[in-house]
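Coordinate analysis (summary)
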Amino acid sequence: MFADHLTGIEKFEADLWKVADNLRANSNLASNEYFMPILGLIFLRHATNRYYEAITAIEKDKAAGRMPDRPLVKADFTRRRALMLPRAARYDVLLNLAKEGNLGAAVNAAMETVEGYFTPLAGQLPRDYERFEDDVLEDMMRTFDSEALRTASGDVFGRIYEYFLAEFSREKAHDNGEFFTPPSIVQTIVNVIEPRHGIVLDPACGSGGMFVQSSHFIEDMGKDTMERVTFYGHEKNETTARLAQINLAVHGLEGAIRAGNEAITYYKDPHELAGKCDFVMANPPFNVDEVDAEKIKGDKRLPFGLPGVNKAKKISNANYLWLSYFYSYLNKTGRAGVVMSSQASSAGRDEAKVRQKLVETGAVDVMIDIRSNFFYTRTVPCQLWFFDRAKERDIERADQILMLDARNIYRKVSRAIFDFSPEQQKNIAAIVWLYRGQSDRFLDLVECYLARAIEEGRATAEPLRSFEKALGKLIDLTEPFAAGKHDPDSLAETWKELTSTKAALSVGIEEFAAEAAPRAADWNEGGNGGARDNAALHAARESLHETAERCRDLTKQIDLAAKLSGRMVDIAVQELAARESDLWANADINKARRELEEGRTGAVDALKWARYFVRQADWLQKRFPEAKLCDVEGLVKLVDRREMKVHDWSLTPGRYVGVAPEEEEDFDFKEVLHEIHVEIESLNAEATTLAATIMENFEELGR
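Presented here is a report on the structure given in the accompanying data block. (Residues numbered from 1 in each chain as written. Predicted model: local features only at pLDDT ≥ 70, side-chain atom pairs only at ≥ 80, totals over all residues. Heavy atoms only, no water.)

**What about the overall build of the chain?**
Under the convention used in this document: Starting at the N terminus, helices and strands are each numbered in turn, a helix being any DSSP run of H or I of at least four residues and a strand any DSSP run of E of at least two. Relative accessible area decides the class of each residue, using a 1.4 Å probe on protein chains only: under 20% of the type maximum gives buried, over 50% gives exposed, and in between gives partly exposed. Should any heavy atoms of two residues lie within 4.5 Å, those residues are counted as being in contact.
The secondary structure content of the chain amounts to 26 helices and 13 strands. By residue count, 52% of the 703 residues in the chain fall in the buried class. A separation threshold of at least 6 residues defines the contact pool for the chain, and within that pool the share at least 24 residues apart is 77%.

The structure is reproduced here in structure tokens:
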């Protein structure tokens, strides 16, 4: 839950894109023709996963006596958010048919069978697989049968859809102006509005990610989504609307989704939900112009009037049409969370007048600034707007809006893409909890981080032992050759430093292990599960700083030992012809090096997580030491209407919160310089070898 292994996701997505490359090379189809077939296979793969997960859960319930031993029915699977897939529609069964030929027809039949079993999917699934050569289709299906996809859970379909949309957009398969909401932003919206009951509307629903994340939120409460909420959606692109229906189905959900031109949303209320929604979530298209003002001037969903009409009687920017619509869809206690262009919060003229009226209702609840590069297909920054109609009647809160600048909160996924980590999402939600007076939830999260830090600290024992064992093995294998070298030989110098580092590391690991158990026992004394006040959590967090520093120091020692061992082997092989010596077991040493690198990765990763959760608790308690909302420079401020009026009713958080002070970097210059020195020596050795190889190649060319 806490650790999101991005490297695996990136590789996973890259592997999937190879399928598109294969189709481009081995079929006569354009990218917009194989887009849906690819996603259809991903749907079938995920639906099969959920089917088998449901079967496992059903068998456990039967064994525990929670369910009678009887033939299974559709409701048994729906209750567990899965489809009751007939045998011929299961992904693994289809793959076994590949050798029999006509795989395309079998997949088409599977899609038709699924539609017959699940009415909301009627006419939605692709059925053009016979256009592919059997070997191409089989290769594609085997790519989607990887371990990563067989065990995938969560909103995987939405994530893959976003990735493919980005790639296909670059291939001109879709309109470049079309993009969808990153999962971390969707989750942030869900965390703030907490959609747990009633009618949930997304009038620009894309692939349905808002609905899926709402479902996860409800299920995390231990509730049944379909018993708690009803989903309504609208999507202008009919293909994307199909994807939304498929996405709902693969998660065992149902919803009423209307497809068609977005003008239906501007000029009509497709589901007739004005004033009826408990929750509205949306990422509408930004800065749309040319909406016909004459057609909407009397719309009851525009209580604040039109935001601005040009000489052609068109709305010059539809951002405030959307905002007015979202407000009007809500009932008297409804909440909304909306992604909006960063231009909207400080727009002038008629848009500013609409914004003032909107603020004066008291419904504007929270504003969050998001930095650029959060979207797969756009680099623009954005803002999250949150409405709470119940706040209109809260005398104490109606005059205030929480301004939160999250532009300095992000995780780098790749060179061009950022997101919020799961903990960053929780930390943002925790600030909102304090704003709502829910200090107990804030303290629960801090306690959760501290408990997890202890848990991760204790879990380092095995990875550390594995690394120490692998290092010892490599040293033992190289000792017959290396130990006989003497100063000023570079190998002798490296060998001396390596053995010294290994001895220090062994002491450090032993001390860390001796410290971890008592600290865990101290944490559990008095009942870890019981209530803890803020002061006790501060004390517990501060007591873990020493553990966190030990994690940092051990990580440095481990990295240094790994680099020195690599340097030592390279010197022996490249400078001293070790492979020609009877004292050098080359195959065993190469294997030991690989095992050492695996051990290093495991140990460093384990130490990272122990320290990581201490830092998360630090982040919260240092900014909000009293477990109460307070202004934090560069992050958050509670602003009243009087201050907003001075700033032309601007709702841009950055205008109010100020600039965040520079944080002290956790940086050890001496150690880093030493590591750089070791790295440079290794690179120099590699450069020498490469130069020699190039020279040999040139000599051969000259013969």
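Okay, back to it.
**Side note on helix α16 (residues 349–360)**
Test applied: Any helix carries an expected span of 1.5 Å times its number of residues minus one. Picture the helix axis, draw a direction to every C-beta atom, and the arc is the one those directions span.
Compared with an ideal rise of 1.5 Å per residue, which puts 12 residues at 16 Å, α16 spans 17 Å between its outermost C-alpha atoms and is within 8% of the ideal. When α16 is considered as a whole, its buried residues turn out to be E351, A352, V354, R355, L358 and V359. Down the axis of α16, the sector holding all buried residues measures 160°, keeping them to one side. Turned more than 90 degrees off the buried face of α16, the exposed positions are R349 and K353. For α16, the secondary structure elements touched by its buried residues are α15 (319–329), β8 (364–370), β9 (382–388), β10 (400–405) and α24 (641–646). G362, located one to two residues past α16, shows a positive phi value of around 85°.

**Examining the packing of aromatic side chains**
Quick reminder of the rule: Note on aromatic pairs: the rings of Phe, Tyr and Trp (six-membered ring only in Trp) are paired at centre separations within 6.5 Å, and the planes decide the class, stacked below 30 degrees, edge-to-face beyond 60, tilted for the rest. In this scheme, Lys NZ or Arg CZ marks a charge over a ring once it lies within 6 Å of the ring centre and within 35 degrees of the ring normal.
Applying the stated criterion across every chain, the model contains 17 aromatic pairs. Consider the rings of Y51 and Y52, whose centres lie 5.2 Å apart with planes at 75°: the pair is edge-to-face. The class for Y51 is buried, based on a relative accessible area of 8%. Y52 sits in the partly exposed class, given a relative accessible area of 33%. Arranged with centres 6.3 Å apart and planes meeting at 85°, the rings of F442 and F624 form a pair that is edge-to-face. One end of the pair, F442, is in helix α18 (residues 439–458); the other, F624, is in the loop between α23 (586–623) and β13 (636–640), and 182 residues separate them in sequence. Accessibility expressed as a relative area gives 0% for F442, which makes it buried. Residue F624 is classed as buried on the basis of its relative accessible area, which comes to 0%. Ring pairing ties together the aromatic residues Y449, W609, Y612 and F613, which thus form one cluster. Its end group placed over the ring of Y325, R301 keeps NZ or CZ at 4.0 Å from the ring centre. Across the ring face of F418, the terminal group of R371 is positioned such that the distance to the ring centre comes to 4.0 Å.

**Things to note about the sheet that holds strand β7 (residues 330–341)**
For clarity, the cut-off: What makes two strands pair is DSSP finding at least two bridges between them. In this analysis, axes come from line fits to C-alpha atoms, helices being fitted only over the stretch in contact, and the angle between any two N-to-C directions falls in the range 0 to 180 degrees.
Taken together, the 9 strands give an open sheet; going across it, the order is β3-β2-β1-β4-β7-β9-β8-β10-β13, and neighbouring strands pair in mixed fashion. Edge strands, defined here as strands with exactly one partner in the open sheet, are β3 (255–259) and β13. For this sheet the average axis-to-axis angle between neighbouring strands, irrespective of direction, equals 15°. Running at roughly 20° to β9, helix α9 (residues 183–193) makes contact with β4 (277–282), β7, β8 and β9 of the sheet. In the packing of helix α10 (residues 209–220) onto the sheet, contacts are made with β1 (198–202), β2 (229–235), β3 and β4, and the angle to β2 comes to roughly 165°.

**Looking at the pattern of salt bridges**
Pairs may arise between side chains of opposite charge once their charged atoms sit close together. What counts is decided by this rule: Here, a salt bridge means any side-chain nitrogen of Lys or Arg that lies within 4 Å of a carboxyl oxygen of Asp or Glu.
The tally for this structure, following the rule as stated, stands at 36 salt bridges. Ionic pairing is found between D76 and R79, a salt bridge with its closest N-O pair at 3.6 Å. Across the pair R550 and E511 runs a salt bridge, and its minimum N-O distance is 3.2 Å. Here R550 is found in helix α22 (residues 545–574), whereas its partner E511 is found in helix α20 (residues 490–524), with 39 residues between them in sequence. R550 sits in the partly exposed class, given a relative accessible area of 25%.

**Details of the pairing of β7**
Of all 12 residues in β7, 10 are buried, a share of seventy percent or more. One ladder, built from 5 bridges, connects β4 with β7; its direction is parallel. Looking at the pairing, F279 lines up with R335 of β7. Pairing analysis gives 7 bridges linking β7 to β9, with the strands arranged antiparallel. From the neighbouring strand, A336 faces β9, where its bridge partner is F387.

**With respect to the nonpolar core**
For soluble globular proteins, nonpolar side chains are generally found buried alongside one another. Definition in use: Only buried residues count toward a nonpolar core. Its members are Ala, Val, Leu, Ile, Met, Phe, Trp, Tyr and Cys residues joined through side-chain atoms within 4.5 Å.
One finds I185, I189, I368, F442 and L635 to be the most contacted residues of the largest nonpolar core, which totals 69 residues. If we ignore the near neighbours within four places in the chain, the residues touching F442 are A430, W433, L434, L620, F624 and A627. Of all hydrophobic cores here, the second largest spans 49 residues; its members include W17, V19, L39 and M141.

**Here's the deal with the environment of D69**
Position of D69 relative to the elements: it lies in the loop between α2 (31–63) and α3 (74–78). Each C-alpha atom of the pair D69 and E59 lies 9.0 Å from the other, and the pair is 10 residues apart in sequence.

**Looking at helix α12 (residues 238–250)**
Compared with the 18 Å implied by 1.5 Å per residue over 13 residues, the 18 Å span of α12 between its first and last C-alpha is a close match. Most of α12 sits out of view: 10 of its 13 residues are buried. If you check which residues of α12 are buried, you get T240, A241, L243, A244, Q245, I246, N247, L248, A249 and V250. In the stretch just after α12, G252 is the one whose phi turns positive, near 70°.

**Observations regarding the packing of α22 against α23**
Axes are the key here: two packed helices are described by the angle between their axes and the distance separating the axes. Under the convention used in this document: An angle below 35 degrees is treated as roughly parallel, one above 145 as roughly antiparallel, one from 65 to 115 as roughly perpendicular, and anything else as oblique. Take the far helix as your reference; a near helix turned counterclockwise from it by less than a right angle gives a left-handed crossing, and one turned clockwise gives a right-handed crossing. Three categories are distinguished: nonpolar for Ala, Val, Leu, Ile, Met, Phe, Trp, Tyr, Cys and Pro, charged for Asp, Glu, Lys and Arg, and polar for the others, with Gly belonging to the last.
Put simply, α22 and α23 touch, their axes get as near as 9 Å, and they point 160° apart. The angle between α22 and α23 places the two elements in the roughly antiparallel class. Here α22 and α23 pass one another in a crossing that is left-handed. For the contact of α22 with α23, the class distribution of residues is 13 nonpolar, 4 polar and 8 charged.

**Concerning unusual backbone geometry**
The phi dihedral of R349 is positive, around 55°, even though this residue is not glycine. Among the secondary structure elements, R349 is positioned in helix α16. Given a relative accessible area of 77%, R349 falls into the exposed group. You will see that W649, though not glycine, has its phi angle at about 60°, which is positive. Judged by relative accessible area, which is 11%, W649 ranks as buried.

**Regarding the pairing of β1**
Buried residues dominate β1, accounting for 4 of its 5 residues. Where β1 and β2 come together, 5 bridges link them in parallel fashion. Considered in β2, the bridge of D202 is made with G233. Across 2 bridges, the pairing between β1 and β4 is parallel. Residue pairing across strands places L201 opposite V280, the latter belonging to β4.

**Points about the packing of α18 against helix α21 (residues 534–543)**
Where α18 contacts α21, the axes come no closer than 10 Å and their chain directions differ by 25°. As far as their axial angle goes, α21 and α18 are roughly parallel. With respect to the hand of their crossing, α18 and α21 are arranged in left-handed fashion. In this structure, α18 uses L443, V446, E447 and L450 to contact α21, whose residues at the interface are N534, L537, A540 and R541.

**Regarding the environment of R441**
Turning to its location among the elements, R441 is positioned in helix α18. Residue classification places R441 among the partly exposed residues on the basis of a relative accessible area of 24%. C-alpha of R441 to C-alpha of A430: the two residues are 11 residues apart in sequence and 7.3 Å apart in space. Setting aside residues up to four positions removed in sequence, R441 forms contacts with E194 and W433.

As far as function goes, none of this settles anything; it's purely spatial.
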